[in-house]
Amino acid sequence: MREIYLDNSATTRVCPEAAEKALELMTQCYGNPSSLHALGFRAEQALSQARQAVAKLLSAQPEEITFTSGGTESNNLAIFGGAFARRHVGRRIVTTQIEHPSVLEPMAQLEKEGWEIVRLAPDAFGRISPQQIEEAITPDTALVSIMAVNNEIGSILPVEAAARVIRRNKYRTLLHVDAVQAFGKLPLIPGKTGIDLLTVSAHKIHGPKGAGALYIRKGVHIPARTFGGGQERNLRSGTEALPAWCAFGAAVKALPPLREEEASIRALWEDARQRLSAIPGVVLQSPLEGLPYILNFSCGGVKAETMLHFLEERGIYVSSGSACAKGKPSHVLEAMHLPRAQALSSIRVSFSRENCPEDVVALADAVQEGMETLVRAKL
């Protein structure tokens with residue numbers, strides 16, 4: 001049975017270039033970057049090259065890139081650090097109801113500590129309007145934290161609108177963007193856009209798990225949360241995870257041109273929309289103007305878990321929401337106020353460059369078969 005992997009927003013298969021680089025850094029260039037001998041120097045050079053690769057994709061300077069263990073650590077570092085750095089501006093933070101848990105949970109913790117957290121609500125397609133952003137940011141807003149692309153629906157959030165409000169009013173507000181689902185898929189130039197802090201992750205672009213980075217705009221200073229040997233410019237002490245970080249750099253270098261890949265993925269996305277929407281009972285939930293890497297749809301009266309395992313038996317791997325939710329009801333779909341039955345029957349398909357048109361045909365055929373044969377359990 002051919003494996004059809006359509007859960008790329010959860011994680012991706014590591015590309016050969018990244019896997020080979022990780023092996024090289026574990027078995028050949030295995031020195032500690034802080035060591036003064038030749039092996040340490042070679043390791044430091046490899047780390048520098050990886051940092052340059054990530055910086056180049058963001059049109060940033062290498063010194064603006066801090067490597068981390070992934071999106072969750074980067075988001076926590078940005079949110080707690082950003083809030084602390086601008087606490088003199090005010091104790092108000094603006095975010096949305098559809099952020100990743102690694103943003104929502106730090107916000108909840110700050111709220112317990114007395115911060116005012118403004119959570120903007122999405123519409124029925126997971127969209128946040130520029131007007132909502134405009135009205136929410138006030139002179140006493142210390143931090144704005146919004147994702148570039150929602151990981152369940154694929155909606156693109158108005159990051160540039162937030163930057164314009166802050167810039168136009170000359171607020172001292174910091175702008176943080178969780179770009180985990182956008183990195184390598186949308187053109188991101190944080191320095192030009194007006195973004196102060198930006199989160200990226202390796203395992204969404206065919207790099208390894210356990211590697212991520214936080215872009216920190218030159219001139220912005222946030223406090224460290226981990227102390228020790230002063231690595232990563234004192235922001236994240238600890239011996240560098242060289243195999244993972246250098247593999248991250250290799251995965252970045254292996255990315256195809258953005259426009260080229262976007263055109264290929266969009267063709268798959270549009271074909272999937274057309275085929276799935278023709279199946280009685282299926283309702284598409286991703287916006288037309290969303291990122292084409294993600295397509296969310298409801299399977300009528302069939303529970304998502306039931307459909308997920310039905311597809312898995314046919315070698316097709318999809319998701320019923322964010323992998324971090326571990327089967328719990330989606331807070332994103334709840335925020336969109338979808339009918340309960342519709343939310344509990346929702347499936348997320350997410351594409352990568354490893355997918356092909358035959359995958360879409362197989363998916364649509366299997367979903368149709370499932371809709372015709374599975375018992376409509378009460379939700």
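Above: the structure in question.
Residues numbered from 1 in each chain as written. Predicted model: local features only at pLDDT ≥ 70, side-chain atom pairs only at ≥ 80, totals over all residues. Heavy atoms only, no water.

**Quick notes on the sheet that holds strand E9 (residues 282-284)**
Inference 1: Read across the open sheet, the 3 strands follow the order E9-E10-E12; overall the sheet is antiparallel. Each edge of the open sheet carries a strand with a single partner, namely E9 and strand E12 (346-350). The average undirected angle you get between the axes of adjacent strands in this sheet is 30°.
Inference 2: As paired strands, strand E10 (residues 294-299) and E12 are joined by 5 bridges and run antiparallel to one another. (Pairing = 2+ DSSP bridges. Helix = DSSP H or I, 4+ residues; strand = E, 2+ residues; numbered from the N terminus. Axes fitted to C-alpha atoms, helices over the stretch in contact; angles between N-to-C directions.)

**Here we look at the packing of aromatic side chains**
The geometry of an aromatic ring pair comes down to the distance between the two centres and the angle between the two planes.
Inference 1: If you walk through the whole model with that rule in mind, you get 3 aromatic pairs.
Inference 2: When the ring of Phe67 is compared with that of Phe248, the centres are 6.2 Å apart and the planes differ by 65°; the resulting orientation is edge-to-face. Here Phe67, found in strand E2 (residues 65-68), pairs with Phe248, found in helix H8 (residues 242-253); they are 181 residues apart in sequence, far enough to count as distant.
Inference 3: The class for Phe248 is buried, based on a relative accessible area of 0%. (Phe/Tyr/Trp six-rings, centres within 6.5 Å; stacked < 30°, edge-to-face > 60°. Buried < 20%, exposed > 50% of the residue type's maximum accessible area, 1.4 Å probe, protein only.)

**A look at the side chain of Gln231**
Inference 1: Positionally, Gln231 belongs in the loop between strand E8 (212-216) and H8.
Inference 2: Classification of Gln231 by relative accessible area gives buried; the value is 13%.
Inference 3: Of note is the side chain of Gln231, whose polar atom sits 2.8 Å from the backbone nitrogen of Gly238.
Inference 4: If we skip the residues at most four places from it in the chain, Gln231 touches Ser34, Arg236, Ser237, Gly238, Thr239 and Glu240. (Polar contact = N/O pair within 3.5 Å; in protein donor to acceptor, adjacent residues only side chain to side chain. Contact = heavy atoms within 4.5 Å.)

**Details of unusual backbone geometry**
Inference 1: Of note in the backbone geometry, Ser59 takes a positive phi value of approximately 50° without being a glycine.
Inference 2: Among the structural elements, Ser59 can be located in the loop between helix H2 (38-57) and E2.

**Here we look at the pattern of salt bridges**
Inference 1: Enumeration over the complete set of coordinates arrives at 16 salt bridges.
Inference 2: The residue Arg51 makes a salt bridge to Glu232 at a minimum N-O spacing of 2.8 Å. With Arg51 in helix H2 and Glu232 in the loop between E8 and H8, this residue pair connects regions lying 181 residues apart in the sequence.
Inference 3: Judged by relative accessible area, which is 11%, Arg51 ranks as buried.
Inference 4: For Glu232, a relative accessible area of 5% gives the class buried.
Inference 5: One connected set of salt bridges, linked through shared partners, spans Asp123, Arg127 and Glu289. (Salt bridge = Lys/Arg side-chain N within 4 Å of Asp/Glu carboxyl O.)

**Considerations on the nonpolar core**
Inference 1: Core analysis: the biggest nonpolar cluster contains 98 residues, and Phe248, Leu276, Met307 and Val367 have the highest contact counts within it.
Inference 2: Top element by residues in this core is H8. It accounts for 8 residues.
Inference 3: Once residues within four sequence positions are removed from consideration, Val367 is found in contact with Leu276, Ile279, Val282, Phe297, Met307 and Leu311.
Inference 4: Residues Leu77, Ala83, Met107 and Leu143 belong to the second largest nonpolar core, which totals 21 residues. (Core = buried A, V, L, I, M, F, W, Y, C linked by side-chain atoms within 4.5 Å.)

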